[in-house]
Amino acid sequence: MATLSINESIQSVHQSIDQTIETVRGLSEEVLRWNPTEEEWSIMQILTHLTEAIPYWLDEIESLLETPGKEWGRGLQDERRLSAVSPNKVNQTTLSEVLKELEELKPQVEETLSKLEEGKLIIEAPSRNPRFGTKPLSFIIDHLVVEHVSKHLGQINRNLSKVN
């Protein structure tokens with residue numbers, strides 16, 4: 001994926017959030033909470049994950065702006081990440097709540113990414129996740145914000161294609 005400009009990144013995230021909201025609005029509780037397989041998340045789990053993950057990565061970007069070169073990221077077993085998709089969290093969350101949270105992410109994305117000057121995108125820092133190694137700030141934006149939201153929209157659509 002080619003690096004997008006800051007404005008293109010903001011627009012891409014906004015578009016993915018809007019498409020996600022449009023896709024899931026009006027779905028039945030049964031469809032929202034259905035897991036295609038034991039290994040796959042339900043649509044509601046994907047939504048609760050997004051409402052936790054996007055602010056997490058925006059905070060990591062903010063932290064790197066304050067302290068360039070600081071270690072960033074997390075692993076798949078991160079407690080906050082797992083808690084966001086836990087049955088306890090998912091079962092207590094309504095579609096209207098999660099859609100409101102998704103909508104509220106758009107100005108947060110714009111506020112954080114708008115602080116970035118193109119020159120700061122090349123500043124590198126080591127990841128806590130050994131899979132990533134040392135990466136520039138643009139990697140976090142491109143892959144862990146922009147692409148992340150888009151991929152989860154694709155995951156929602158895959159789930160929907162498996163509903164009988």
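Model, not experiment: these values are computed from the prediction. (Residues numbered from 1 in each chain as written. Predicted model: local features only at pLDDT ≥ 70, side-chain atom pairs only at ≥ 80, totals over all residues. Heavy atoms only, no water.)

Caption draft 1: How the structure looks around helix α7 (residues 137-162). If you check α7, its first and last C-alpha atoms are 36 Å apart, about what 26 residues at 1.5 Å a residue would give, namely 38 Å. For α7, the principal kink sits at Glu147 and spans about 40°. (Helix = DSSP H or I, 4+ residues; strand = E, 2+ residues; numbered from the N terminus. Expected span 1.5 Å × (residues − 1). Bend = angle between axes of the 7 residues up to and from the residue.)

Caption draft 2: Quick look at the side chain of Asn159. Here Asn159 lies in helix α7. In contact with Asn159, other than residues within four places in its own chain, are Trp34, Pro36, Glu40, Trp41, Ser42, Ile43 and Ile46. (Contact = heavy atoms within 4.5 Å.)

Caption draft 3: Seen up close, the side chain of Glu62. In this fold, Glu62 is placed in helix α3 (residues 43-66). If we skip the residues at most four places from it in the chain, Glu62 touches Thr112 and Lys115.

Caption draft 4: Highlighting the environment of Thr37. With respect to the element layout, Thr37 can be found in the loop between α2 (29-32) and α3. With relative accessibility at 33%, the residue Thr37 sits in the partly exposed group. The sequence separation of Thr37 and Asn159 amounts to 122 residues, and the corresponding C-alpha distance is 9.8 Å. Reaching out from Thr37, the side chain makes a polar contact with the side chain of Glu40 at a distance of 3.0 Å. (Buried < 20%, exposed > 50% of the residue type's maximum accessible area, 1.4 Å probe, protein only. Polar contact = N/O pair within 3.5 Å; in protein donor to acceptor, adjacent residues only side chain to side chain.)

Caption draft 5: Region of the structure containing the pattern of salt bridges. For the structure shown, the criterion picks out 13 salt bridges. The closest approach of N and O atoms between Glu40 and Lys162, which form a salt bridge, is 2.7 Å. Taken together, the positions of Glu40 in the loop between α2 and α3 and Lys162 in helix α7 put the pair 122 residues apart, joining distant regions of the chain. A cluster of three or more residues bridged by salt bridges with shared partners is formed by Glu52, Arg74, Asp78 and Arg80. (Salt bridge = Lys/Arg side-chain N within 4 Å of Asp/Glu carboxyl O.)

Caption draft 6: The packing of aromatic side chains, seen in detail. This model, assessed by the stated rule, comprises five aromatic pairs. Ring centres of Trp57 and Trp72 lie 6.1 Å apart, and the angle between their planes is 70°; this geometry places the pair in the edge-to-face category. Pair noted here: Trp57 is in helix α3 and Trp72 is in the loop between α3 and α4 (79-84), with a separation of 15 residues, a long-range link. For Trp57, a relative accessible area of 5% translates into the label buried. In this structure an aromatic cluster arises from ring pairing among Tyr56, Trp57, Trp72, Phe132 and Phe139. The aromatic ring of Phe139 is capped on one face by Lys135, whose charged end is 5.2 Å from the ring centroid. (Phe/Tyr/Trp six-rings, centres within 6.5 Å; stacked < 30°, edge-to-face > 60°. Lys NZ or Arg CZ within 6 Å of the ring centre and 35° of its normal.)

Caption draft 7: Structural detail: the nonpolar core. In terms of nonpolar packing, the biggest core is built from 44 residues, with Leu47, Ile61 and Trp72 touching the most fellow members. Those elements giving two or more residues to this core turn out to be α1 (6-24), α2, α3, α6 (95-114) and α7. A total of 12 residues in this core trace back to one element, the largest contributor, which is α3. (Core = buried A, V, L, I, M, F, W, Y, C linked by side-chain atoms within 4.5 Å.)

Caption draft 8: View of the packing of α3 against α7. Axis separation between α3 and α7 bottoms out at 10 Å; the angle between their running directions is 175°. In terms of axis orientation, α3 runs roughly antiparallel to α7. In this structure, α3 contributes Ile43, Ile46, Leu47, His49, Leu50, Ala53, Ile54, Trp57, Ile61, Leu64 and Leu65 to the contact, and α7 contributes Leu137, Ile140, Ile141, Leu144, Val145, His148, Val149, His152, Gln155, Ile156, Asn159 and Leu160. Of the residues contributing to the contact of α3 with α7, the split by class is 18 nonpolar, five polar and no charged. (Axes fitted to C-alpha atoms, helices over the stretch in contact; angles between N-to-C directions. Parallel < 35°, antiparallel > 145°, perpendicular 65-115°, else oblique. Nonpolar A, V, L, I, M, F, W, Y, C, P; charged D, E, K, R; others polar.)

Caption draft 9: Here's a closer look at α6. Taking 1.5 Å as the rise per residue, α6 with 20 residues should run 28 Å; its terminal C-alpha atoms sit 29 Å apart, in good agreement. When we look at burial in α6, the residues that qualify are Leu95, Val98, Leu99, Leu102, Leu105, Lys106, Val109, Thr112 and Leu113. The inward-facing, buried residues of α6 contact α1, α2, α3 and α7.

Don't take any of this as a statement about function, it's just geometry.
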